[in-house]
Amino acid sequence: MNLQIKSFDEYKRVYEYSVNEPEKFWAEIASSFTWKKRWNSVLEWNFKEPNIKWFQGATLNITENCLDRHLENNADTPAIIWEPNDPEEHHRVLSYRQLHDKVCQFANVLKNNGAKKGDRICIYLPMVPELAIAVLACARIGAVHSVVFGGFSAQSIADRINDAACSLVITADGGFRGNKNIPLKDIIDDALVQCQSVDKVIVLTRSRTPISMIKGRDVWWEDEIKKVETQGNPDCPAEEMDAEDMLFVLYTSGSTGKPKGVVHTCGGYMVYAGYTFANVFQYQPGEVYICTADIGWITGHSYIVYGPLSQGATNVMFEGIPTYPDAGRFWDIVEKHKVNILYTAPTAIRSLMSFGDEPLKGKDLSSIKKLGSVGEPINEEAWHWYDEKIGAKNAPIVDTWWQTENGGIMISPIAGVTPTKPGYATLPLPGIQPVLVDENGKEIEGNGVSGNLCIKFPWPGIIRTTYGDHERCRQTYFSTYENMYFTGDGCLRDEDGYYRITGRVDDVLNVSGHRIGTAEVENAINMHSDVVESAVVGYPHEIKGQGVYAYVILGTSSHDKELTRKNILQTVTRIIGAIAKPDKIQFVTGLPKTRSGKIMRRILRKIAEGDIANLGDTSTLLNPAVVDEIKDGI
Ligand code: 6R9
């Protein structure tokens, strides 16, 4: 079966088929990948435990699909075009042959440093080609990678390393983002004070920041490569992996305090990331594609590394940020590398939009053929700006809805095939069966309705477990509604059957496309010695989509409120990372609570949104007076 659907009629046909004959459908899709051994059964599943197994009995190595299989005909095709943070620095191009060789080389470095199949390896690197190389080298030898975004703090890294008992860390001396130089190795050193499982750290040279190298533990990436070179064997045979062997773990926030390690496995994830990349973006050989996410998030895993590379695509990887050195940077990159497909986030679009048309002047964007959006709902104004200014009303926009737990895009237009509608993720991809349910778990049928978004049948990229705690996986995703995967998102289905995601219905915020648990931020704030209690909610933020609003009760020890405010921000930065810093802190003397002592977040959300006229009935609160005080304080 061709991975790409070419007309809306064909979409409808294929969708029907995928729902009626899911096993046949996915077996046909999977056949376009390279397997070492074919499967005995396509799918076995129940959502009760849950126990979900795709392509059982099959063996493969995902890197053979991302690298080796392109060598015969496309060895010289650029796999990664790396665009550095500083436009004055030279960009780098790695062909599929070069990327293959570098991955093999570094896979041998990993082996020399004691890594083997099944080991967990933490990767904390800036957006340089070596990040993709490290990820693929882990997959090559069957080690499980756990990439941690460069914006997370030492404490967050330590928690993640300890949760998966990583034995090795791959990092760099430092990393550039805009005009910042992030001291990655220092942060790792701080984290490792708390980590007993790590015995090796491989350090890449990037920023030339002075760092400490600990004897016996820390080695330089470049030195280790030299050793492999003198050993003389440039190849590294790909480890034969079972389809359901773990490929990676990636931590994400939920409504409880502790981030969970979402586990994806080799076979199903590969099929799903590769298929959705090929189909949604309708990637054609020779096209230049850029996804501006960081590999530290799922979007980077699926749509910078595994999806595009499995399809032999040419991938621009950008180290920096959209506004450095100025707000024209994305457009410079599009012009310089003649980018045909741009996949970015609404927060970036809104931020660039706020600079007006000036940064677009004189920029040649005529290469753009297709546009993508991911990470949060895209508001209509941003959608139209993207469509008109970037796509010249000539490039279909794919608004792709999906989650870390999904492995790949779930509800989205297929570029040039599905008629789009601003603000709508439109229709489910083949194989995806979304349902809307009411509070009682009853399916809401028909169109022109809204409810909680669930998926009632597995797809190959679905989460298999949460690392080290299967019960948590069951509880979070499979226990709210019987026999369904619960997304945590609210959603409406309009008269045409089109889906529009309205945002999270749980205590998870989406700040600039980053998922942040309110409980996590509260825990971090509460660690500050002056704080007695806190409650965190989201509120609409023009650029970030949602901002973090914290209500904080101080103890008697705090005398200088301004200083305390700064200290709280510093505490959150230290415990989680700067991405979780509250945008607003309001000091209060009490929080609205029910008689059973539960914080009434609904009321706090309304106040943060400025919607104080509609607070509803507050008379049943334990402390109704506190609501007036909070209202007066804003
Ligand atoms: C890929 C990714 C997942 C949450 C998800 C939803 C929101 C993502 C969206 C979207 C509306 C879109 N989300 N894409 N909301 N429209 N096109 O972002 O994964 O970091 O796990 O976040 O992001 O709320 O539940 P992740």
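Residues numbered from 1 in each chain as written. Predicted model: local features only at pLDDT ≥ 70, side-chain atom pairs only at ≥ 80, totals over all residues. Heavy atoms only, no water.

### What to know about the UniProt feature "domain: Acetyl-coenzyme A synthetase N-terminal" (unreviewed entry) in the chain
And step 1. UniProt's feature table lists "domain: Acetyl-coenzyme A synthetase N-terminal" (unreviewed entry) at residues 11-66, given in the numbering used throughout.
And step 2. With 43% helix and 25% strand, the stretch residues 11-66 has end C-alpha atoms that lie 27 Å from each other. (UniProt positions renumbered as here; feature names shortened; annotations may be inferred. Helix = DSSP H or I, 4+ residues; strand = E, 2+ residues; numbered from the N terminus.)

### Considerations on the sheet that holds strand β24 (residues 485-493)
Within a sheet, neighbouring strands are paired by backbone hydrogen bonds and run either parallel or antiparallel to one another.
And step 1. Spatially, four strands are ordered β21-β22-β24-β25 in an open sheet, and the strand pairing comes out antiparallel. Every other strand in the sheet has two partners, leaving β21 (434-437) and β25 (499-504) as the edge strands with one partner each. Between one strand and the next, the sheet's axes are offset by a mean angle of 45°, whatever the strand orientation.
And step 2. Relative to β25, β24 runs antiparallel, the two being bridged by five bridges. (Pairing = 2+ DSSP bridges. Axes fitted to C-alpha atoms, helices over the stretch in contact; angles between N-to-C directions.)

### Some points on the packing of aromatic side chains
And step 1. Scanning all chains against the criterion turns up 40 aromatic pairs.
And step 2. Measuring from ring centre to ring centre gives 5.2 Å for Tyr303 and Trp402, while their planes differ by 90°; the resulting arrangement is edge-to-face. Placement of the pair is Tyr303 in helix α10 (residues 298-310) and Trp402 in the loop between β20 (397-400) and β21, with a sequence separation of 99 residues.
And step 3. By relative accessible area, which is 0% here, Tyr303 ends up buried.
And step 4. With a relative accessible area of 8%, Trp402 lands in the buried category. (Phe/Tyr/Trp six-rings, centres within 6.5 Å; stacked < 30°, edge-to-face > 60°. Buried < 20%, exposed > 50% of the residue type's maximum accessible area, 1.4 Å probe, protein only.)

### Concerning the side chain of His337
And step 1. Along the chain, His337 falls in helix α11 (residues 329-337).
And step 2. Filtering out sequence-adjacent residues up to four positions away, His337 remains in contact with Ile81, Glu83, His91, Val288 and Val316. (Contact = heavy atoms within 4.5 Å.)

### Focus on the site of the ligand
And step 1. The local shell around the ligand holds 17 residues, among which Asp399, Thr404, Asp489, Arg504 and Arg515 are the closest.
And step 2. Within the backbone of Gly375, one N or O atom sits 3.1 Å away from a nitrogen atom of the ligand.
And step 3. At 2.8 Å from an oxygen atom of the ligand is found a side-chain nitrogen or oxygen belonging to Arg515.
And step 4. Starting from 530 Å² of accessible surface for the ligand in isolation, the protein chains cover 97%. (Near = heavy atom within 4 Å. Polar contact = N/O pair within 3.5 Å; in protein donor to acceptor, adjacent residues only side chain to side chain. Areas by Shrake-Rupley, 256 points an atom, 1.4 Å probe, with all protein chains shown as cover.)

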